[in-house]
Amino acid sequence: MNFFSLPRFVAIALKEFIQMRRDRLTFGMMVGVPLMQLVLFGFAINTDPKQMRTALRCSDEGPFARSVVRAMTASGYFQFTGRLPDDAAATRALELGEVQFVLHLPAGFERDLVRGRRPVVLLEADASDPAATSNAISALQTLAARALEHDLLGPLARPAMEGAAPFDLRIHRRYNPEGITQYNIVPGLMGVVLTMTMVIITALAITRERERGTMENLLSTPVHPLEVMLGKLVPYVLLGYIQVTLILCAAKFLFRVPVMGSVPLLLASVLVFIVANLSVGILFSTIAKNQLQAMQMAFFFFLPSILLSGFMFPFRGMPQWAQWLGEVLPLTHFLRVVRGILLKGNGPAEVVHHLWPIALFVVVVVSLGLKRYRRTLD
Amino acid sequence: MTAPLSGTARQAAIEVEGVTNSFSGRVVVDRIAMRVGRGEIFGFLGPNGSGKTTFLRMLCGLLTPDSGSGTCLGFDILSQSAEIKKRVGYMTQKFSFYENLSLEENLDFIARIYGLPDRRRAVRESLEQLGMAGRKHQLAGQLSGGWKRRLALAACMIHQPELLLLDEPTAGVDPKARRDFWEQIHELSAQGITVLVTTHYMDEAERCHRLAYIAYGSLLAEGTTGDIIRHTRLSTWTASGGDLHALCSALEKSEGVSQVVPFGNALHVSGHDAATLELAIEPFRHGGHIWQRAEPSLEDAFISLMGEAKDNFQ
Ligand SMILES: Nc1ncnc2c1ncn2[C@@H]1O[C@H](COP(=O)(O)OP(=O)(O)OP(=O)(O)O)[C@@H](O)[C@H]1O
Ligand SMILES: [Mg+2]
């Protein structure tokens, strides 16, 4: 038969198997990527985040206050991490993203409860990511009515108030009162796009030189490795800024995302983040033997970045180990920076708080990269 | 051909000793010592995989030798490769320019890297000398194989290096361009520029002032063409006419014949001892062939060297 020859087909298939076996890294990735996806989607990601950090701002501590806290903890959604001395501390904790909620119990809370005066209880929520807070808030609303049913017994249980909560629960959704998902996603997209393009593009730019053999020529000239690196990176930094500008314009004019903080501050922080991604790209290029491998490694980095950083799923909803992993990734911190500046109006002090982990990441990755960088061909 | 000056008489451009390099435990350059005088055209020959490219890479600092020492243009090959790189033009065996840059852009890039003071002029002159001024906007990737070699050669000479390391510069280049190339090399040599060139072509080897022959990482012979031929101590006869094919098979088994090589319509029969060789060909004297005593050619010498070289990969 002339259309299809079995031996010819076998020849091609055999060759392909041999090549596959030679390329260990690709083979590893073929196994590694699905494993990673299984672990991340199966164990780390949780669309119904629980155990969210909640601070207590309590002016009147007593048995009723303790019951409310206990009932909220028992719901599984809230995890009380500490007490705040004043309202300024509460605002700061929310701005830094240290807590998701602050529960305010007013002065005279116990007395007013006993007298049946329905004291006002305020729950301040960092609602910049509506997905993270909405379930907890609705759980609290149903829980409020029953939270004190064991405490307010006998004469204290007012028949008139059957069914209604003994206190007046008010929810204050800060930073994104209408719960618009785009407010959270669009700024986050800036970080995701930068991660994806910057890592891939640098990893490829350098492995391409090695794959095509132009590296040999370059290395035989007096050019210094630092000149090669910087010369290769600067055009991509500019490219990154074009992307940032595009997304920023779209955020403001298309999606009407509020811009509470300073844009120059955001542009300055972006540089740190771009450098972090470029350094990852360079590190990959020192390991990868060809462009395909570089691409796969970039993907391997991109996957956890997008899943564990709090871009797609609420960060606090993940198990502790996943949060620790997420804390290593620059995107996690950059998301806090960009959302902090745009939605919360964060200033330099808060931004630095999130930037230093990225800077630390750069230092580690660059030193690894320099260690692996081959100045010669061997 | 200009009279070759002795390599030891003048100042050395390359002087190395005991240079050794291995890849994953396999020695591919084994204790090579070499001295090339300034302005000399030095040919570097050897079978495929003998370590020529590896040796050139060590000279210009692309690879670090496992052991050995020496100088290149007076700079230490181990510690001063930055100085060496400024003064050396290295032409790689494989095309290593940017295929998606035009000819002019490639040359301009190299000129910038070397920081040439009058870059534009250098690029223009280089293009003119290459005879490609009219096609300077063509992408390098679209050039034919031979033209790529010529572009690479032009590029490695743009910064007027003192030493040229050329790795098979004329492979795949047409005869006219090769002749132009060698004329240019001799002009450069007259200006005092040193050229170390690898080649597999015998006619090119004969155009060099001095030669080195390397096989399986070891330097086997060094000197002028005459030195190398004498070194092998070959005697050669040529046979023409008659059934050369049968003669060839018969002679190969004979005692005293070390190699039988067909050259066109003639057979080169060589042996290391003139007397035994004559005895060996005696029985075939009257088979209708025309026998003539001949000077062994460089090619006979190289084939003999290659045959003697111990293949350390076997
Ligand atoms: N990067 C490398 N890794 C492992 N082995 C290598 C490497 N480069 C070269 N070799 C080996 O070193 C030996 C010498 O190679 P080299 O390229 O120097 O030979 P050459 O004399 O230039 O050959 P040719 O005439 O074919 O160009 C060969 O056996 C080759 O397989
Ligand atoms: Mg070679």
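Residues numbered from 1 in each chain as written. Chains lettered and ligands numbered in written order. Predicted model: local features only at pLDDT ≥ 70, side-chain atom pairs only at ≥ 80, totals over all residues. Heavy atoms only, no water.

Residues and elements named next belong to chain B. Taken together, the protein ligands of the magnesium ion (ligand 2) are Thr53 (OG1) and Gln93 (OE1), with distances of 1.9 to 2.1 Å. A residue pair is termed long-range when its members are at least 10 positions apart, and Thr53 in helix α1 (residues 52-59) and Gln93 in the loop between β6 (88-91) and α3 (103-113) qualify at 40 residues. What makes Thr53 buried here is its relative accessible area of 17%. For Gln93, a relative accessible area of 36% translates into the label partly exposed. (Donors = N, O, S within 2.8 Å, 3.2 Å for Na, K, Ca; no water. Helix = DSSP H or I, 4+ residues; strand = E, 2+ residues; numbered from the N terminus. Buried < 20%, exposed > 50% of the residue type's maximum accessible area, 1.4 Å probe, protein only.)

Now for the packing of aromatic side chains. Tallied over the entire structure, the rule returns ten aromatic pairs over all chains. Each ring, one from A:Phe284 and one from A:Phe301, has its centre 6.2 Å from the other, and the planes form 75°; the classification is edge-to-face. With A:Phe284 in helix α10 (residues 263-287) and A:Phe301 in helix α11 (residues 291-308), the pair connects residues that are 17 residues apart, well separated along the chain. Owing to a relative accessible area of 13%, A:Phe284 belongs among the buried residues under this scheme. We classify A:Phe301 as buried; its relative accessible area is 12%. When the ring centre of B:Tyr201 is taken as origin, the NZ or CZ atom of B:Arg178, which lies over that ring, is 4.1 Å away. (Phe/Tyr/Trp six-rings, centres within 6.5 Å; stacked < 30°, edge-to-face > 60°. Lys NZ or Arg CZ within 6 Å of the ring centre and 35° of its normal.)

Turning our eyes to something else, we now look at the domain arrangement of chain A. Residue and element names in this part refer to chain A. Partitioning chain A into domains gives domain 1 (52-174) and domain 2 (182-377). Each of domain 1 and domain 2 has a C-alpha centre, and the two are 40 Å apart. Carbon and sulfur atoms supply 52% of the area that domain 1 and domain 2 bury against each other, a total of about 1,100 Å² over both sides. Three residues stand out in domain 1 for area buried against domain 2, namely Glu95, Leu96 and Ser128, and they jointly supply 49% of the buried area on that side. Applying the counting rule to domain 1 against domain 2 returns one salt bridge. A salt bridge links Asp126 to Lys344, with the shortest nitrogen-to-oxygen separation between them at 2.8 Å. (Domains from an automatic or database assignment. Buried area = accessible area lost by both parts, 1.4 Å probe. Salt bridge = Lys/Arg side-chain N within 4 Å of Asp/Glu carboxyl O.)

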